[in-house]
Amino acid sequence: MSQTSGPILSLLILLPLLGAILLALVEGARESLIKRLALAISGLDFLLSVIVYARFDPAVAGMQFVERAPWISSIGSSYLLGVDGISLPLLLLTTFLSPVAILASFSGIGGRVKGFMICMLLLQSGMIGVFLALDLVLFYVFWEGMLIPMYFLIGIWGGPRRVYATLKFVLYTMAGSVLMLLAMIALAFLHRGATGRLTFDLLELIGGPIPYQAQLWLFAAFALAFAIKVPMFPFHTWLPDAHVEAPTAGSVLLAGVLLKMGTYGFLRFALPLFPRAAAAFSPLISVLAVVGILYGALVSMAQDDLKRLVAYSSVSHMGFVMLGIFAMNLQAVEGSILQMVNHGLSTGALFLLVGMIYERRHTRMIEEFGGLSRVLPRFALCFLVVTMSSIGLPGLNGFVGEFLILAGTFRVHKGFAVLAAIGIILAAVYMLWMWQRVMWGEIRRPENLGLGDLGRREMAILVPIILLILWIGLSPNHLLRKMDASVSQLLGQIAGAPRAELALPLRGSGLQVPRSRLARIAYPIFKSEPSANNRGPFNSELGTRNLF
Amino acid sequence: MDLILPQIDWLPLAPILPVAIGGLAVLVGDLFFPAGRKNLNAILSLASLALSIFVSIRLWGVVRFSINDALVLDRFGLFFFLVIALVSLLTVLLSMGYLDENTPDQGEYYSLVLFSTLGMMLMASGGDLVVIFLGLETLSLALYTLSGFRRAELRSNESALKYLLLGAFASGFFLYGIALIYGATGTTVLRRVAAFLADGKSHGPLLVIGGGLLLVGFGFKVASVPFHMWTPDVYEGAPTSVTAFMIAGTKAAAFAAFLRVFLFALPTLHIQWSAVIWVLAVLTMTLGNLVALVQNNVKRMLAYSSIAHAGYVLVAVVAGGSSGATSVLFYLVAYALMNLGAFAAIIALQGHGQELLFLGDYAGLGFRRPALAACMALFMFSLAGIPPTAGFMGKLYIFSAALEAHYPGLAVIGVLNSVVSVYFYLRLIVIMYMSEPAAERPPVPRSAPAVLAVGMSALGTLQIGLFPARLLDLARQSIAALGK
């Protein structure tokens, strides 16, 4: 664990919080000032996180930039922040999408701008806190506290059924997470029983001797909370409602960041804390993930509302992430983390695009459109790139993530990988079909003739996302390399003694994912019968022990 | 017959005396304050409460027994002195917003508030069951009158009468319990009861039944199911400021005495009765929350919510031990702040004009009175137990105490209950922020004291929610001192 001097992580959390207070002091009528201030604060936060990214040492497996201060010492809870290769990509995703969402909200909110921007900044603060907190109580405070701004964002600035949607969102999330809170407390007491120290420090709790029976219960409680957030089939029903009713910025952050908290929770808490229970639950969760992939894709096909379609496609995509996590090997888990970022970018962009078209036409019904590519060439181009990214076209980001997940899953369970691959085909079907119906063909509605193409602000929102989509697609190693050490360590924690299939090096099919020194041994990924001489000793510098 | 006067140590009385003298002073002073300057009553009350708080803080750490152990000065008592005086202080502030300058009988009102505070303090520091009973009666008599303070209104009369009848009934149970305990142990002094039981003497049915009757008496005062029937009607009918006082103050005082009696004097009985309290806790939480779901009257909703919160505190009582007791103390502070804050916000929002009784009256307030509405939302989030608020931390401690004492079932029922409660607390926020007002309401004059009460409560709620360590330490010290 490396200690650094500056409290940069606290600053990341505090900056939007202070910004929200600052905004509260500005007179509500000065809307353009408020918008600019919010954007500036959020953008500054992004720059801070870029500094974290640049100074992040990929060779260190443990937490970096750790900050610790006493908080509620009598119950063993402290203010503990840190970032590692698992949370770093998500931190950046959050700080990147937040200003984008704020910029996207410069129009189309319809009043009460001040309140909106305050909620956005509070939400940003809470989301960052979730990804940085390493103390269970602190994590829970951010996890739940973040519901408040989201509740207002959907409830005040949402669509016609916003109240229903926002209550459903809050109640679902609460119902899952209160049991997790109890599980956290129970875990701390169990740990005290074994070690004599009451603590909520995640790093101290990992590897604690929790009896198997207790692990099952505690894992179930954690998994429920995270599964609702992901959302996994069958806990997904809040998602379409919340997405459809939320304002564009709310949808972007909901899909882009909030859903990731569920999958992140599995990686950060549920798996390393209860490894044996995780292994026991992994068939069930993998099956649910596959069901989610196929179900989400099939339901997406049947949607006539663009936003609903994108929402259901999230269920499908998040199924991939879950499948990868529970394959529990290096490629799959790294693919999952990458896919979280990818999904955040592509789905975020899809919601932005849908929002832009909604602002022009005040409808999201697919049948209302058709032939838009003629009147909106710039829009069409952006939409095409994002759609392809969502489908997983090679060269764009979606492909890398899905490929790694499938490759990793294939090693553990071929059947799941095959079924999940069908999900990719279905994704191509519903996305391309949607694109075709919206963008191609004759313009059937006269209203669509007079639509204006994307303006400068809208391009400023979309271009950075598209650049990132291309960048990750063409050179994913920047991000992947930052994850290597932490993910290997995580897998070590899960496996105790690592099994062979947990961390096989990957090479092949033109997609080179060098594991720095790990990838020394050539290993074809689709070889069906890996013979023993293909397996070599691991380099122990990365935290895994020699396997054979 | 020789009457042996006990040696009186005045020190344990020091925090109580300012309140008693203040009450009398207000009663007399009211005669001399000119009409239109009746808020001097309130200011005098505030001064006496502030003095009491000051004395309590100075005495922190002192342990004394006075009047043959009938009155105890310890950290536990002082903790509750501070809580009760703070509750009373906030009540006076929000009453200043509720009663306007021309309300008659302000002297009576504020002196009754102070006398009732005195009763609460006696309950919290009583070392003798009889003193606790005296405190209970002092507090109740003052509150009976206060709940009927709006003489002209039928609901207020109903409230007072109902409270009087059922309260008297509860007092009967309580007194009978004391008598039985006296019969079993030969004393009503808690210290001696504890010593008697510590000798390992078997306690017969007399003591067990006596404890049960005390439980009934306390059950009435904390509004636990099935002794809660009076609560909604009384809380609804009483003047809003009095409702706030009853919700926060009575509960704190009653739980103070409850803990002192059951955890300190009758620990063995606590074990015997804890199965019963387990059931009561579950019923109280569940009924309170379920019925609150369908309330349209804000006062009634908060009344049922207060029943539910009594249930949460009972969870901590069942858990027992030092963690359980500590979490009771912690929770009562959080509970008092968020409830008083909510009532202060109601009063500040309605001014002296038409009362904001129904949920619908709050439509659109979120943007017309942004600061007050934001505070109101904060209190609702806190009542629902969503971080980062005092209510969340309170629940965290209660449920961790329950888990520590191996009551996982109770903890699960408790947290599920708090999910249910989220719905009705958020409903008020939904109405404030997410629906349009039916008709424009005339702007109401702003009441600085009520707004001050809102601000203080909001700061406290956030402060405890973000930095709970200090209050938790105080509560811990108070519990550690109990019985020494």
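Residues numbered from 1 in each chain as written. Chains lettered and ligands numbered in written order. Predicted model: local features only at pLDDT ≥ 70, side-chain atom pairs only at ≥ 80, totals over all residues.

A. Spotlight on the overall build of chain A. Scanning chain A from N- to C-terminus turns up 20 helices and 2 strands. Expressed as a percentage of the 548 residues in chain A, the buried residues total 58%. (Helix = DSSP H or I, 4+ residues; strand = E, 2+ residues; numbered from the N terminus. Buried ≥ 20, exposed ≤ 12 C-beta atoms within 10 Å, placed from the backbone.)

B. How the structure looks around the overall build of chain B. Summing up its helical and strand segments, chain B has 19 helices and 2 strands in all. Its C-alpha radius of gyration of 21 Å places chain B within 12% of the 23 Å reference for a compact globule of 484 residues. When its C-alpha atoms are laid out on the principal axes, chain B stretches across 70 × 55 × 40 Å. Contacts spanning at least 24 positions in sequence make up 79% of the contacts within chain B whose residues lie at least 6 apart. (Rg over C-alpha atoms; globule rule 2.2 N^0.38 Å. Contact = placed C-beta atoms within 7 Å.)

C. Summary view of the interface of chain B and chain A. The partner chain A presents 29 residues to the 25 residues of chain B that form the contact. For the side of chain B that touches chain A, the leading source of residues is helix α17 (residues 408-434) of chain B, giving 11 residues. Grouping the amino acids of the side of chain B that touches chain A by side-chain chemistry returns 20 nonpolar, 2 polar and 3 charged. (Nonpolar A, V, L, I, M, F, W, Y, C, P; charged D, E, K, R; others polar.)

D. A look at the pairing of strand β1 (residues 64-72) of chain A. Two strands pair when backbone bridges link them, and β1(A) and strand β2 (residues 77-83) of chain A are joined in this way by 6 bridges, in the antiparallel orientation. Along β2(A), the bridge assignment pairs A:Gln64 with A:Val83. (Pairing = 2+ DSSP bridges.)

E. Expanded view of the environment of A:Tyr312. Residues and elements named next belong to chain A. Considering the arrangement of structural elements, one finds Tyr-312 in helix α13 (residues 306-327). Once the C-alpha coordinates of Tyr-312 and Phe-65 are considered, the two residues, 247 residues apart in sequence, prove to be 37 Å apart. In this structure, Tyr-312 is in contact with Pro-240, Gly-296, Val-299, Ser-300 and Gln-303, ignoring residues within four places of it in sequence.

F. Up close: helix α1 (residues 8-25) of chain A. Residue and element names in this part refer to chain A. Helix length check: α1, at 18 residues, gives a terminal C-alpha distance of 25 Å against a target of 26 Å (1.5 Å per residue), a fit within 8%. For α1, every residue scored as buried is listed here: Leu-9, Leu-12, Ile-13, Leu-15, Pro-16, Gly-19, Ala-20 and Leu-23. Elements in contact with the buried residues of α1: α2 (31-55), β1, β2 and α4 (113-132). (Expected span 1.5 Å × (residues − 1).)

G. Looking closely at helix α13 (residues 321-350) of chain B. When the terminal C-alpha atoms of α13(B) are compared, their 43 Å separation across 30 residues agrees well with the 44 Å that a helix rising 1.5 Å per residue should span. A large share of α13(B) lies buried, amounting to 28 of its 30 residues.

H. The arrangement of the environment of B:Leu89 in detail. All names here are of chain B. Mapped onto the elements, Leu-89 comes out in helix α3 (residues 75-98). Take Leu-89: there are 21 C-beta atoms within 10 Å of it, and that puts it in the buried class. When the C-alpha atoms of Leu-89 and Ser-305 are compared, they prove to be 23 Å apart, with 216 residues separating the residues in sequence. Setting aside residues up to four positions removed in sequence, Leu-89 forms contacts with Leu-46 and Leu-49.

I. Expanded view of the pairing of β2(A). Of all 7 residues in β2(A), 5 are buried; the element is thus mostly enclosed. In this antiparallel pair of consecutive strands, β1(A) and β2(A), the connection spans 4 residues, and A:Gly76 shows a positive phi of 75 degrees.

J. Broad picture of the environment of A:Asp241. Residues and elements named next belong to chain A. With respect to the helices and strands, Asp-241 occurs in helix α10 (residues 238-245). Classification of Asp-241 as buried rests on a count of 23 C-beta atoms within 10 Å. Separated by 75 residues in the primary sequence, Asp-241 and Thr-166 place their C-alpha atoms 8.4 Å from one another.

K. Structural detail: the packing of helix α3 (residues 87-104) of chain A against α4(A). All names here are of chain A. Taken N-terminus to C-terminus, the directions of α3 and α4 make an angle of 175 degrees; their axes are 9 Å apart at the nearest point. Taken together, the axes of α3 and α4 lie roughly antiparallel to each other. Facing α3, whose interface residues are Ser-87, Leu-90, Leu-91, Thr-94, Thr-95, Ser-98, Ala-101 and Ile-102, α4 presents Met-117, Met-120, Gln-124, Met-127, Ile-128, Phe-131 and Leu-132. Considering only residue class, the contact of α3 with α4 consists of 10 nonpolar, 5 polar and no charged. (Axes fitted to C-alpha atoms, helices over the stretch in contact; angles between N-to-C directions. Parallel < 35°, antiparallel > 145°, perpendicular 65-115°, else oblique.)

L. Layout of unusual backbone geometry. Residue and element names in this part refer to chain A. Cis geometry is adopted by the peptide bond preceding Pro-231, which originates at Val-230 and carries an omega value of -15 degrees. Mapped onto the fold, Pro-231 is located in the loop between α9 (212-229) and α10. For the bond running from Phe-233 to Pro-234, omega is 5 degrees, close enough to zero to count as cis. Within the element layout of this structure, Pro-234 appears in the loop between α9 and α10.

M. Expanded view of the packing of helix α11 (residues 267-292) of chain B against helix α12 (residues 298-319) of chain B. All names here are of chain B. In contact at an axis separation of 7 Å, α11 and α12 are set at 155 degrees when each is read in the N-to-C sense. What the angle tells us is that α11 and α12 run roughly antiparallel. Handedness of the crossing formed by α11 with α12: left-handed. From α11, Ser-274, Ile-277, Trp-278, Leu-280, Ala-281, Thr-284, Met-285, Leu-287, Gly-288, Asn-289, Val-291 and Ala-292 reach across to α12, where they touch Met-301, Tyr-304, Ser-305, Ile-307, Ala-308, Ala-310, Gly-311, Tyr-312, Leu-314, Val-315, Val-317 and Val-318. (Left-handed = near helix turned anticlockwise from the far one by under 90°.)

N. Looking closely at the confidence of the model for chain A. Confidence in the prediction of chain A, expressed as mean pLDDT, is 84, and 89% of residues score 70 or more. Scored below 50 in pLDDT, residues 497-548 of chain A makes 74 contacts in the model with residues more than four places away or belonging to other chains. (pLDDT = per-residue confidence, 0-100.)

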